[in-house]
Amino acid sequence: MLPRVRINYANGTLGQVAAMADGCLGMMALGAKEVTGDDKFKLGKAYTLRKLADLEALGVTSENNPNLYRNVKEFYAEAGDGTELWLTGYAESETFANAFDKDNAAGAVALLKASNGKIRGLVAFKTPAEAYELTTTEGLDADVFAALPKAQQLGDWATDTLRAPIFSLVEGYGYAGDPAALKDLTETEYNRAGVVLGDTAASSKNAAMGVVAGRIAASAVQRKISRVRDGALQPLTFYVGAEPAELADLETINDKGYITFRTFVGKAGYFITDDNLATTPEDDYRALTNRRVIDKAYRIAYAQLVEWLNDEVPVSKSGTLVPAWCSTVEADVEQAIETQMTAQGNLGNDPSDSSDTGVECKIDYDQNILATSQVKIGLRVKPNGYAKYIDVELGFKNRIK
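Quick caveat, the model's predicted, so the values are computed rather than measured.

Rules used in this analysis
Residues numbered from 1 in each chain as written. Predicted model: local features only at pLDDT ≥ 70, side-chain atom pairs only at ≥ 80, totals over all residues. Heavy atoms only, no water. Helix = DSSP H or I, 4+ residues; strand = E, 2+ residues; numbered from the N terminus. Contact = heavy atoms within 4.5 Å. Patch = residues over 30% accessible without salt bridge, like charges linked within 9 Å, V, L, I, M, F, W, Y side chains within 5 Å. Areas by Shrake-Rupley, 256 points an atom, 1.4 Å probe, with all protein chains shown as cover. Salt bridge = Lys/Arg side-chain N within 4 Å of Asp/Glu carboxyl O. Lys, Arg positive; Asp, Glu negative; His and termini not counted. Charge placed at Lys NZ, Arg CZ, Asp CG, Glu CD. Buried < 20%, exposed > 50% of the residue type's maximum accessible area, 1.4 Å probe, protein only. Core = buried A, V, L, I, M, F, W, Y, C linked by side-chain atoms within 4.5 Å. 1 Å grid on protein atoms, 1.4 Å probe; cavity = no way out; pocket = protein on both sides within 12 Å on 5 of 7 lines; lining within 4 Å. Points joined across faces, edges and corners; volume = space filled by probe spheres on them. Nonpolar A, V, L, I, M, F, W, Y, C, P; charged D, E, K, R; others polar.

## Observations concerning the environment of Ala301
Then, number 1: With respect to the secondary-structure elements, Ala301 resides in helix H8 (residues 288–305).
Then, number 2: Along the chain, Ala301 and Leu379 lie 78 residues apart, while their C-alpha atoms are 8.8 Å from each other.
Then, number 3: Ala301 has contacts with Ile7, Val333 and Leu379, leaving out every residue within four places of it along the chain.

Shown next, in the form of structure tokens:
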């Protein structure tokens, strides 16, 4: 076995340096059209964009690639120019399931490798050929649900092989407007994948993936994309099926674990309902915020610990670890996470308590490294809490102080 650093995710504990590219996303455009000419948009090639004009420079327009163009345009309307976006186009015959398959070297794997692990999340949408036969299963194109286990496996592969964990959001293609028919994603276990429903046009088979991706890219890892204080989304209208979002049965859609759009009485514009991933309510990583936070901690911890790989380790008389060495490694990891996460508000520490850094790294001294050459480390980070439900008791007061 090659010397290595392995970090395993702990689950079930919540009861429910240079700046990192936290908002760097990859966009997968199934059914995109190539553009004729040298240095123009070609399928299967990874492109890096910083603004809509970069896509236009590849010859992509609202006429030759309407779905791709509008998703990138809506992405930058939310995220702002300068935000790094990786893009790959695929043929009309491509499916979500095949594109996310970790064994498909020409699919998402190629995009992740091209970015050298920089991509934090993938968003995928499709524009099938006119002859595409939509097979509806549990309220959506069957390809959507077939993609979820593939996206989960891809995320696990990216973590274990590239040491670059990711999440994926799949377009809820083919939604016909019946929430009752939708598959209940809270009964699945894909905490690296989610599904988006709702678009800026009525009765659209697509979803506003560029909008959601743009809000993710613009948000810190601990920030919910549904945060009201960040303001309304840029598009002025959203539909869920044939109905305006405010008239749709959003309660059912949200409770089944989908990401969609909503309004608030007295506030202009549309907002995202929540940041659900396709897993059970008990999963620590059900919320995209927790997924992004833990994945950032993973990347930082790996970068620190790989520096210790194959290093000499002082050993006590009994063959176990020396406490001073353990303390040095612990402090190294904690300091890196504190600097890159706690100081950025990514973790849920108490600012009034200087001892609360939101991170704890512990190494048990009683490990016989001479016998095993293995060091086991416990690493925990504390997430923020979120005011998802606010209950107020309102009444009259008979006197004012």
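## Here we look at a negative patch on the surface
Then, number 1: Side chains of Glu243, Asp249, Glu251 and Asp255 sit close together on the surface and give a patch of like negative charge.
Then, number 2: Locating Glu243 in the fold gives a position in strand S10 (residues 243–244).
Then, number 3: On the accessibility criterion, Glu243 (38% relative accessible area) is partly exposed.

## Examining the nonpolar core
Then, number 1: Counting residues in each nonpolar core, the largest one holds 82 residues, and the members touching the most others are Met28, Leu68, Leu122 and Leu169.
Then, number 2: With near-sequence residues (within four places) excluded, Leu169 lies in contact with Leu122, Val123, Ala124, Gly194, Val196, Met209, Val212, Ile216, Ile259 and Leu277.
Then, number 3: Ranked by size, the runner-up nonpolar core spans 23 residues in total, among them Cys326, Ala336, Ile363 and Ile369.

## Examining empty space enclosed by the protein
Think of a ball as big as a water molecule: rolled over the atoms, this probe shows where empty space is left.
Then, number 1: Its volume calculated, the largest cavity comes out at about 70 Å³.
Then, number 2: Contributing to the lining of the largest cavity are Asp22, Arg120, Pro165, Phe167, Val221, Arg292, Asp295, Lys296 and Arg299.
Then, number 3: Among the elements that take part in the lining of the largest cavity, H8 stands out by supplying four residues, more than any other.
Then, number 4: In the lining of the largest cavity, the residues fall into three nonpolar, no polar and six charged.
Then, number 5: Put simply, the second largest cavity is a space of about 50 Å³.
Then, number 6: In terms of lining residues, the second largest cavity is bounded by Gly172, Tyr175, Leu197, Gly198, Asp199, Ala201, Ser204, Asn206, Tyr239 and Gly241.
Then, number 7: Residues of the lining of the second largest cavity, tallied by class, amount to four nonpolar, five polar and one charged.

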